Every structure is written in C-alpha cells, then in structure tokens.
Amino acid sequence: MKAILSVLVENRAGVLARTAGLFARRGFNIASLAVGETHDPSVSRMTIVVEGDAPLIEQVSKQLNKQIDVIKVKTLDSELSTRRELALIKVNANPKARGEIFDIASIMKASIVDMSPATVTIETCDRPERVDLLLSMVEPYGVAELARTGMIALEKGGEAIQLPE
Amino acid sequence: MEETGKPHSAQASRKKGAVPVSGADAMTESLRQEGVDTVFGIPGAAIAPFYDSLSRSGIRHILTRTEQGAGHAANGYARIKGRPGVCIATSGPGATNLFTALATAYSDSIPLVAITGQVDSGLLGRDVFQEVDTTGAAEPFTKYTYLVKSAGEIGRVFREAFHIASTGRMGPVLIDVPVDVQREMAAFRRPSAVAIRGYKPKTEGHPLQIRKVAQAIGRAKRPVLCCGGGILLSDARQEVLRLCEAVSMPVVTTLMGIGSVPPDHPLHLGMVGISGHRRANYAVEHSDLLIIVGARVGDRAIAAEKEPGEGRTVVHIDIDTAEIGKNLGTAIPIVGDAARVLCQLADIGPSGSWPDWLEELRRLPGQTAAPGADGPYVRPDAFVAMLCGKLPDDGIYIADVGQNQIWSARNYSGRGRFLTTGGMGTMGYSIPAALGAKLAAPDKTVVAACGDGAFQMTMNELASIRQHGAPVKLVVFRNRTLGLVREIQHVDYGAAGFAVDLTGSPDIGRIAAAYDIPHGRASGLAQAEALVEEMLGGDGPYILELDIDPEEMTV
C-alpha cells in the first residue's frame, strides 16, 4: 500500500535532513519525496509517498507530527486528490524510430523538448501511473537517462489545509 | 533543527532603544530569567565567551571531569528539581562526549538544555580545529536542536528551548552557539510567550475517550493499572492512588515507574518486565483490562504477546501520540498529561468490582529475598532490602546499569525516589546522576548503587563530588566481572565468560583514599548492615564496597 502524506513544515535549514533522517532511522520506506515553498514563504510543503500497511502509515504520520518543525500532516486520498509528477526521459532514437516515439508522446500528451541525432527528450507532467505507462512504452527503444520529480498533490475541491495560529 | 536568521545590525538594535549586549551575556541572562541557578559543564575555547559571562553571573557552575558526567549530573538534577537541567560543553570532542548523556536523557524523557560552543560561524563546514556537526549528529537523540546564527535570536531560542524541553514529552534540547555569535553585540529580547505553530502539546484527555475508559472499568473483571516514568515526570502519584483506591484496582509499575505507588501499598504488585516480579507480570498477562499510563511499552517491560481483541482491552494514556499503538495494539488511546487524565478519570467516578481477581492475585507469592548463608559474600537481594529499610522516607536511590540495576529494582522498597536509566541503560550513570541529585536536594540522602564495571566508567566524577561538596553515598557491588554480560553469555551461549573479567581493576579502598572519601568493605550481610549504619550516619560522602559472588545471577 502506498500513502500520500502532505506535510507542511517550517521553511528553514535542516528540516529536510531531520525529516529524511526520521524515515531512515525508523525504517520507513520513502517511495518519493518532493519539497517546495508554499504561497506563504515561511512554510514548505513536503509531499511524501510512503510504502507500508495502515499501522505503519499511522506511525509515520505520528512521528512526523511529533517534529517541532512540522506544522501539519495530512494523509491524502489518491482518488480525491489531483496528483502530478514531472518527468524528463531521454530516449535513444535513431531517425527511423523517431516517428514512433513522437506518436507515443503525442498519445500520452507528453511533449518533445530536446533532440539529438541519436536521442529525443520527452517531457511529461502527469499522474505518476501515467508517467510509468509512458516510460514502459519508450523503454523498448532504450532509455538513456531519466529524471523524475516525485509526486506532488493537492486535495480536489475547495478544501485547504489550514495552518494553526 | 533550526538555524536562525542573519545577524541584525547593531544600528537596527539602537533604533529600537535596546542596549546591545554580547551573545554570551544574552545566554547568561536567558538562564537567569529561566530561574537556572546551577549548571554542569566543562569549558573550552569555542565556549569561552559564555564562560566569561557565566563567571560574573552568580550562577553556580559545577565542573565535572567529563562532559558525559555533566550531562548525567544535569539529568539527576532535573529529575529531582522537576525542571530542565543545564549542561555545557565546548565544540568538537566536548560536544561528542556529551552525546551519551543526551541520548540517555532522550530515551528516559528527562528535560535537559544542553549548550555547546561551536567554531566561528564563518568557518562552519571547513573542518577546522574541534569542529563537528553537533546539531546534525545529535538530531536523532534530542527533542530539538538549534544552531544559532545571530546573537539577536538568543533570547527567543533559549525561551523556546526551555519550553520544548519541559513540556509535552520532555527531553533534551541542544543549543549550538558559534563562538563569534557569543561575542556579537545585539539587543537582548526574550519573548514573554512561546509561539511555535508546530508544537502545541495536549495535556487534557478527550472527555469521550475518558468516558470509554470508565465504561471499560465497569465491564472489567481483571483490570490492572500499569504506571511508567510518566507518572513521576507529571507528578501524578496522588492521582494514581486516588483512582486505584477508589475502585480497588491493582497496580504495577515499569522500571522507570518505580516510586509511582508506595511499595507497601496493598494494591501494589511490583514491577513488570523480564526482570520484574512474578505477581506483576501475572497480573498483566491475565488481565482483561490493561490501563497503561506514561509508559512507552518498551520491549523489556511488556511483551506484545496478545493481539487486540484477544480477551484484553488495552487503554494507553500518554502525552506522546506516537507512543500509543507503537508497540502494542490499543483499543482506547488517550493523549494527555498523566496527572490531568487520571484526575479527569477519577472525577467521573468509575465503579467496578473484581473480588475474585484481587483474591487470585493475593494468593500469588510476593517477592522475598532468598535465604542463604551470610558470607563470604554479600547477597545482593538481601542487601538492597536491608538498605531500603534504613533509608529516610525521602531518600533518593540511584541504580546504575547491569546486575545491580536488576537487584536494586526488584528489591527496592524505599518511599522516596528511585532513579535509573531504563531506556538507554547507560553504564556509569549513577555516580554523576547522584552528584546532580544531591546538589538538587542537599538535605536528602542520596545513595548510588553500581557494579565495579560501571564504577570504573565514571569514577572520575568522585573528584566532582569532592570538589562541589556533594556527600553522595556510593555502594559498589564488586564481583570483579561485567556480571550481566557474563550472565547473558552463560544463559544464552552456554559460555564460561569472555571479555568480562575485570582483573587489573584498582583497589576501591585505595581509590576512595585517593579522593579522601571514607570507605568500608563488607563480605557478609551483617557486616554490610553495620557499614550502612556508618555510611548513612555520617554527613560526608562514603564508598561502601560489597563483595559479591561472581556466580550470583539475576535470574
């Protein structure tokens, strides 16, 4: 089981190290972690995808909450959230294969952002499982390099996580 | 960790009318405003400006012989005073020597504020002399750490550090201050209130959950209350008695919870755990309602042998949400302060009746020291029982780690405080902790019990005991071996003992003489009793050496 934790933290040095250390120390597995500033510059949002069963997810959430620098932790329901991940995929593409790769990119609503005589670079911003699908479609051509940001997510609808005080 | 912001200019400070003071003076002033009158530490180059300020402050500085000693002494001091102990070290090795004491305080939830010097902030990360990433390294075993980057932040940082250390689940907070920040001039501002949006510990239990517990008590046939160290940290001893006596609920304690209930109370069944009392473990094992208060359900205390729903309801009351359900399935979790929640529960006036259960428990044999011949060794169980009988009601007993801890915990029957490190199990804790406890309560008798292994780990603090006039009574269980390890080797590996022989150890009598501390040595209980009288009768420090049979086991 994978859970999405949306964690609002104080935007200051050391918070990322402290949080990552917590996962390592307690043997929690991070599937992905994405951090960035929010509209309030004093607050950062970490979107952490964790693998584990329900009691483990609860323990992760409690341990995060216990951190002084963690302001709020919310477990997001993947069905009720808008989830996105950005990926850049450099695919080996000789001139003959290019057309097929362009087709795959276009069907997957991805774009070609760079090319060379032997490669094309695809950019996609999509749900993580669609990024996986795109990746599996281009893998037969040979992936030269891959960079993924990790998932970010927000709840659908008008609800927003309220900061205390 | 928090790294504080960029320095405020002296110009800006003057505009607001505040007189700039050095960072070091701001640190001292912060301590004074927190009501700190005693600190423990060792100076060094990177903490020199602070020590210079401290020398003019009127705050008593207790020089220990290692930084670890300073940390444990602050720990003993904090546990007796009921507020954060302060320990100080310089950068690099000073800080790393302190770490064992910080980890000890962390696992036992003891409030400490540790202040460390750091190299010049402009040189951070360059691996200069005596530089170590103190905050980074201490992070896993501190409640919070600060790396102060500007003197203007000191007032707020210290205010927050004392607040964080002493509220919620207590623990050590480390403040790392680069030497240039200690010298920097800035206005001193101490906020009147602490506002940390990510830290709002709950003290009040949820009324609905508390009502559920009262209902569970009403349904229970075999309830038991298990008290942990949280009872002492939250000073909930009265509340425990009030609840237990109201419904005649049997009560057990963990190692850290010893002293939660008077030892001779008819409802008290003793200590749980692998080294605990049979009666107490029986009660937990056969209970249908287990109410755990202020305990983290450590692996050595309560085995998670039953899954929830297997005929036992577990109620877990703790200030730390993360402890609830971590090691044991819990039906009714309550987050809050032990004293407050027990009071809320007693206020509802739960009722229940379980005469058969009380009768069943009453029939179980209690703990009695096994009879045996007197000499040529002192029987440790009988000794601890005898010693406790002679301690004043408000006496403080500090047990070290090893066989002596188990003998002490199992036979302790004092009415005062029992201190030990249950979480970390740090050998050598008792001598410096006794120094701190004695300085916190000069009028009380403080006895520290340790083995000859632990004694040699921190016996350098005998000098601190001498220097600062802390007449601690030290009992050394001398069996010339690392007894508990030897026991593990024997029981688990069928081995005769490897690397546990303490041959080469000094003559403890001559060590005592070297420190000008009176010494007595007993090779039988009757002799030990006479020496205990002598030890407790005098005003000064004392080292009582007991000849213990190396074959003596705890099991």
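Counting from 1, residues in each chain are numbered in the order their sequence is written. Each chain gets a letter, beginning with A, and each ligand a number, beginning with 1, in the order they are written. Under the rules for a predicted model, residues below a pLDDT of 70 receive no local features and side-chain atom pairs below 80 are neither given nor counted, while totals for whole chains, interfaces and linings still include all residues.

Notes on the interface of chain B and chain A
Think of interface size as the accessible area that goes away when the parts come together; that is how it is often given. Placing a C-beta atom from the backbone of each residue, one calls two residues in contact when those atoms lie within 7 Å. Taken residue by residue, the interface counts 18 residues in chain B and 20 residues in chain A. Any residue outside Ala, Val, Leu, Ile, Met, Phe, Trp, Tyr, Cys, Pro, Asp, Glu, Lys and Arg is labelled polar, Gly included; the first ten of those are nonpolar and the last four are charged. Across the side of chain B that touches chain A, the residue classes break down as 8 nonpolar, 3 polar and 7 charged.

Observations regarding the sheet that holds strand β18 (residues 446–451) of chain B
Residues and elements named next belong to chain B. When DSSP locates at least two bridges between a pair of strands, those strands are taken to pair. Where helices and strands are cited, they refer to DSSP runs of H or I of at least four residues and of E of at least two residues respectively, numbered from the N terminus. Within the open sheet, the 6 strands sit side by side as β17-β16-β18-β19-β21-β20. Their pairing is parallel. Looking at which strands have only one partner, the edges of the open sheet turn out to be β17 (417–419) and β20 (519–522). Pairwise comparison of adjacent strand axes, ignoring direction, gives a mean angle of 15° for this sheet. With 6 bridges joining them, strand β19 (residues 473–478) and strand β21 (residues 542–547) adopt parallel strand pairing. What sits directly across from Leu-474, in β21, is Ile-543. Under this scheme, a helix contributes an axis fitted over its contacting stretch, all axes are lines through C-alpha atoms, and angles between N-to-C directions fall in the 0 to 180 degree range.

Digging into unusual backbone geometry
Look at the link from B:Gly375 to B:Pro376: it is a cis peptide, with omega at 0°. Looking at where B:Pro376 falls in the secondary structure, it is placed in the loop between α14 (355–363) and α15 (380–390).

Topic: the sheet that holds strand β3 (residues 43–51) of chain A
Paired through backbone hydrogen bonds, the strands of a sheet run either parallel or antiparallel to each other. All names here are of chain A. Read from one edge to the other, the open sheet built from 4 strands follows the order β2-β3-β1-β4, with strand pairing classed as antiparallel. Of all the strands in the sheet, just β2 (29–37) and β4 (70–76) have a single pairing partner and so form its edges. For this sheet, the mean angle separating the axes of adjacent strands, direction not counted, is 20°. In this structure, strand β1 (residues 2–10) lies alongside β4, joined through 6 bridges in antiparallel fashion. Bridge pairing in β4 places Leu-8 opposite Lys-72. Across the sheet, helix α2 (residues 54–66) lies against β1, β3 and β4, angled at about 160° from β4, the strand it touches most.

Brief notes about the packing of helix α4 (residues 67–81) of chain B against helix α5 (residues 93–107) of chain B
Axis angle and axis distance: for two packed helices, these are the angle between their axes and the distance between the axes, and together they describe the pair. Residues and elements named next belong to chain B. Relative orientation of the contacting elements α4 and α5 amounts to 30°, with a least axis distance of 7 Å. The pairing of α4 with α5 is recorded here as roughly parallel in orientation. Seen from above, α4 lies across α5 with right-handed handedness. Contact with α4, carried on its side by Glu-67, Gln-68, Ala-70, Gly-71, His-72 and Asn-75, involves Gly-94, Asn-97, Leu-98, Thr-100, Ala-101, Leu-102, Thr-104 and Ala-105 of α5 and no other residues of that element. Per-class residue counts for the contact of α4 with α5 are 5 nonpolar, 8 polar and 1 charged. Each angle receives one of four descriptions, namely roughly parallel if under 35 degrees, roughly antiparallel if over 145, roughly perpendicular if within 65 to 115, and oblique otherwise. In this scheme the handedness of a crossing depends on how the near helix is turned from the far one: anticlockwise by less than a right angle means left-handed, clockwise means right-handed.

Brief notes about the environment of B:Ser505
All names here are of chain B. Along the chain, Ser-505 falls in the loop between α20 (483–493) and α21 (508–514). On a C-alpha basis, the gap between Ser-505 and Leu-525 in space is 24 Å, while along the polypeptide they are 20 residues apart. Apart from residues no more than four positions distant in its own chain, Ser-505 is found in contact with Asp-452, Gln-456 and Arg-480.

Here we look at the domain arrangement of chain B
All names here are of chain B. If you check the domain split of chain B, you get domain 1 (2–187), domain 2 (207–363) and domain 3 (380–547). Between the C-alpha centres of domain 1 and domain 3 there is a distance of 31 Å. Contacts between domain 1 and domain 3 engage 23 residues on the former and 26 residues on the latter. Of all the elements in the fold, those that place two or more residues in the side of domain 1 that touches domain 3 are β3 (38–41), β4 (60–63), α4 and α5. For the side of domain 1 that touches domain 3, the element with the highest residue contribution is α4, accounting for 10 residues. Domain limits in this description derive from either an automatic procedure or a database domain assignment.

A closer look at the packing of helix α9 (residues 207–219) of chain B against helix α13 (residues 338–348) of chain B
Residues and elements named next belong to chain B. Following both chains from N to C, one finds α9 and α13 inclined at 60°, their axes separated by 10 Å at the closest point. With respect to each other, α9 and α13 are oriented oblique. Read as a crossing pair, α9 and α13 show a hand that is right-handed. Between α9 and α13, the contacting residues are Ile-210, Arg-211, Val-213 and Ala-214 on the first element and Val-341, Gln-344, Leu-345 and Ile-348 on the second.

Side note on the pairing of strand β10 (residues 223–227) of chain B
All names here are of chain B. Put plainly, a residue is buried at 20 or more neighbouring C-beta atoms within 10 Å of its own, exposed at 12 or fewer, and partly exposed in between, counting only other residues' C-beta atoms, which are placed from the backbone. Summarising burial for β10: 5 of the 5 residues are buried, a large majority. Relative to strand β13 (residues 289–293), β10 runs parallel, the two being bridged by 5 bridges. Bridge assignment links Leu-225 to a residue of β13, and that residue is Ile-291.

Considerations on the environment of B:Ala103
Residues and elements named next belong to chain B. Here Ala-103 lies in helix α5. Assessed through the 20 C-beta atoms surrounding it within 10 Å, Ala-103 is described here as buried. With sequence-adjacent residues up to four places away left out, Ala-103 is seen in contact with Phe-141 and Met-424.

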